[in-house]
Amino acid sequence: MELQEKAPVTAMSVKMRIEIISYGRGFYKGKLISQYLDEPYEFFTLVRMIEKMEEIFDDKKFPQAFLAPRSFNDKKGKSGKKTSKRTTPHDDGVDMTMYEGPGHGNCTFDVLVRFRQNASWQGVITWVEKDMKQNFRSELEMLRLMDEALIDFETDSEQITWEM
């Protein structure tokens, strides 16, 4: 499938949904849902989830990366160009119905990355089940908020830094 070149990429078009299906001992299993994926991407580690999101951002060139990614491996093929899996948007453009209502996992998060500066992400994460939003200044802060939400979900704790 060819990428759609006609539709402009906007901040809302890179909004993604993360459904955490199981969580224990710091391990996450879940699904990443994006209009640029033909089907939900199942992940078993947070690293794979982050890598897939980065792949989509790099492919769309939005949000634009502030720094070039570094790696221990040479990711260039014989042609000298970077090799990567391409993601393809659905033909119907932005399908906001995928973001409506709570998901089927233990916790569901909508993530909107606005910037990729200082080798990290900045944006807004929404905890769908509790309709709570929080800005984050880095991927680590976003993951910490997700972790706090999952602990709160399991223990029904009130010691969470999410604001209403």
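Residues numbered from 1 in each chain as written. Predicted model: local features only at pLDDT ≥ 70, side-chain atom pairs only at ≥ 80, totals over all residues. Heavy atoms only, no water.

A. Spotlight on the environment of F153. By the secondary structure assignment, F153 is in helix 2 (residues 139–155). Each C-alpha atom, one on F153 and one on C107, is 7.5 Å from the other, the two residues being 46 residues apart in sequence. Aside from chain neighbours lying at most four places away, what touches F153 is N106 and C107. (Helix = DSSP H or I, 4+ residues; strand = E, 2+ residues; numbered from the N terminus. Contact = heavy atoms within 4.5 Å.)

B. View of the pattern of salt bridges. Using the criterion set out here, one finds 9 salt bridges in the structure. Among the salt bridges present, the one from E55 reaches K52, with a minimum N-O distance of 3.4 Å. With E55 and K52 both in helix 1 (residues 46–60), this residue pair falls 3 residues apart, about one helical turn. Exposure remark for K52: the relative accessible area of 11% places this residue in the buried category. Via salt bridges that share partners, R137, E141, R144 and E148 belong to a single interconnected network. (Salt bridge = Lys/Arg side-chain N within 4 Å of Asp/Glu carboxyl O. Buried < 20%, exposed > 50% of the residue type's maximum accessible area, 1.4 Å probe, protein only.)

C. Quick look at the pairing of strand 4 (residues 107–115). Taking burial as the measure, the 9 residues of strand 4 include 7 buried ones, the bulk of the element. Two strands pair when backbone bridges link them, and strand 1 (residues 16–24) and strand 4 are joined in this way by 5 bridges, in the antiparallel orientation. Along strand 4, the bridge assignment pairs I20 with C107. Summarising the sheet, strand 4 and strand 5 (residues 122–127) pair through 6 bridges and their orientation is antiparallel. Its bridge partner being in strand 5, F115 is matched across the sheet by Q122. Joining the antiparallel neighbours strand 4 and strand 5 is a turn of 6 residues, in which N118 adopts a positive phi near 55°. (Pairing = 2+ DSSP bridges.)

D. Focus on the sheet that holds strand 4. On the basis of which strands lie adjacent, the open sheet formed by 6 strands has the order 3-2-1-4-5-6 and antiparallel pairing. The open sheet has two free edges, formed respectively by strand 3 (41–43) and strand 6 (132–136), since each of these has just one partner strand. This sheet shows a mean twist of 25° between the axes of neighbouring strands, independent of strand direction. The pairing of strand 5 with strand 6 spans 5 bridges and is classified as antiparallel. From the neighbouring strand, W127 faces strand 6, where its bridge partner is M132. (Axes fitted to C-alpha atoms, helices over the stretch in contact; angles between N-to-C directions.)

E. Region of interest: the packing of aromatic side chains. Summed over all chains, the structure comprises 2 aromatic pairs. A ring pair is formed by F57 and W121, whose centres lie 5.3 Å apart and whose planes are at 80°; its orientation type is edge-to-face. One end of the pair, F57, is in helix 1; the other, W121, is in the loop between strand 4 and strand 5, and 64 residues separate them in sequence. Each of the two residues, F57 as well as W121, counts as buried. (Phe/Tyr/Trp six-rings, centres within 6.5 Å; stacked < 30°, edge-to-face > 60°.)

F. Representation of the nonpolar core within the structure. Counting 31 residues, the largest nonpolar core has I18, I20, M49, M53, F109, M142 and M146 as its most contacted members. Contributing elements (two or more residues each) for this core: strand 1, strand 2 (27–33), helix 1, strand 4, strand 5, strand 6 and helix 2. Once residues within four sequence positions are removed from consideration, M53 is found in contact with M16, I18, L32, V111 and W121. (Core = buried A, V, L, I, M, F, W, Y, C linked by side-chain atoms within 4.5 Å.)

G. How the structure looks around helix 1. With 15 residues, helix 1 ought to run about 21 Å at 1.5 Å a step, and its terminal C-alpha atoms sit 21 Å apart, in line with that. Taken together, the buried positions of helix 1 are occupied by L46, M49, I50, K52, M53, I56, F57, D59 and K60. Phi turns positive, to about 55°, at K61, one or two residues after helix 1. (Expected span 1.5 Å × (residues − 1).)

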